[in-house]
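Topology and contacts: notes
Each chain is listed here by its residues.
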Amino acid sequence: MSFLHRTAPFLWFVVAICVIGLASEVVGIIQQVPVQRGIDAHTVRLTGRFTELDKRGKFHDDKHFVSYVYQDGSFDTPLRGLPGNPDIGALVCIEIDATKPENMRPCDTRGGLGDSLSGLIWGAGFLTPAVLGLWARHEFAWGFDWRGEYRRPVRPPPATLRRKPTRRDRKRARKAQQEADEEFYDI
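Residues numbered from 1 in each chain as written. Predicted model: local features only at pLDDT ≥ 70, side-chain atom pairs only at ≥ 80, totals over all residues. Heavy atoms only, no water.

1. Structural notes on the sheet that holds strand β2 (residues 63–70)
Spatial ordering of the open sheet is given by β3-β2-β1-β4-β5, a layout of five strands whose pairing is antiparallel. Two strands lie at the open edges of the sheet, namely β3 (73–79) and β5 (104–106), each paired on one side alone. For this sheet, the mean angle separating the axes of adjacent strands, direction not counted, is 40°. Examined bridge by bridge, strand β1 (residues 43–54) and strand β4 (residues 91–97) share seven bridges and lie antiparallel to one another. Note that in β4 the partner of R49 across the bridge is L91. (Pairing = 2+ DSSP bridges. Helix = DSSP H or I, 4+ residues; strand = E, 2+ residues; numbered from the N terminus. Axes fitted to C-alpha atoms, helices over the stretch in contact; angles between N-to-C directions.)

Encoded structure:
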């Protein structure tokens, strides 16, 4: 059994995880594009305070909560990441959308859109070799050997699976041996 045949279950697992991850990143991009356009159109720079780091989810990104005040309103917004990994309580520069102040990103970044694009690149980076590995061992329809040219030869069953000769088999073998001997000696 080749290396690619032994790793096929793992490669299928990687493909499944990557497809799920890529789908979630595409959803994140779809959600973040209008938010980032709003911040780009109505940018206000403020100073916020990094207040909390939530690492509860096993299958989710960490949430970095940043608190800030804008026009007599207090906001506490989660982010996927903060540049520079500041300590809790540190002041961070943020940009908000003046028309929707709950939409926020760290200064000079693309915010959640940049994180989603980065996740898309990482997911595609893992998906591509897994798909190529499966394609190399003919797991897909376009790699299927329709003519049967590359099939392995059928091996006979091992000797341990053959049945024990019966009395009838031994009698037939003796008769065949006698006929062969008669034919050989009659010439």
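Moving on, there is more to tell.
2. Some thoughts on helix α3 (residues 167–186)
Its 20 residues place the ends of α3 28 Å apart at the C-alpha level, agreeing with the 28 Å of an ideal helix rising 1.5 Å per residue. The element α3 is largely exposed, with a buried count of zero among its 20 residues. (Expected span 1.5 Å × (residues − 1). Buried < 20%, exposed > 50% of the residue type's maximum accessible area, 1.4 Å probe, protein only.)

3. Here we look at the state of the cysteines
The tally for this structure, following the rule as stated, stands at one disulfide. In this model, C93 is linked to C107 through a disulfide, with the two sulfur atoms separated by 1.9 Å. In this structure, the disulfide formed by C93 and C107 twists by about -70° around the S-S bond and is classed as left-handed. Remark: C107 occurs in the loop between β5 and α2 (111–136) and C93 occurs in strand β4; sequence separation between them is 14 residues. Among the residues examined, C93 registers a relative accessible area of 36% and is labelled partly exposed. C107 sits in the buried class, given a relative accessible area of 11%. (Disulfide = S-S within 2.5 Å.)

4. Notes on the nonpolar core
The biggest cluster of nonpolar side chains holds twelve residues, and these are L46, F50, V66, Y68, Y70, F75, L79, L82, V92, I94, I96 and M104. Put simply, the parts of the chain that give this core at least two residues each are β1, β2, β3 and β4. Non-local contacts of I96, meaning those with residues more than four positions away in its chain, are made with I39, H42, T43, V44, L46, Y68, Y70, P101, N103 and M104. Counting residues in hydrophobic clusters, the runner-up holds nine residues, among them C18, L22, L127 and L134. (Core = buried A, V, L, I, M, F, W, Y, C linked by side-chain atoms within 4.5 Å. Contact = heavy atoms within 4.5 Å.)

5. With respect to α2
With 26 residues, α2 ought to run about 38 Å at 1.5 Å a step, and its terminal C-alpha atoms sit 38 Å apart, in line with that. Considered for burial, the residues of α2 that qualify are G111, G112, L113, S116, G119, G123, L127, A130, G133 and L134.

6. Re the environment of E102
On the secondary structure map, E102 appears in the loop between β4 and β5. Those residues in contact with E102 that sit more than four places away from it in its chain are Y68, F75 and T77.

7. Examining the environment of D115
On the secondary structure map, D115 appears in helix α2. The spacing of D115 and I29 is 86 residues in sequence and 8.9 Å in space, taken between C-alpha atoms. Those residues in contact with D115 that sit more than four places away from it in its chain are E25, R80 and G81.

These figures capture arrangement, not role.
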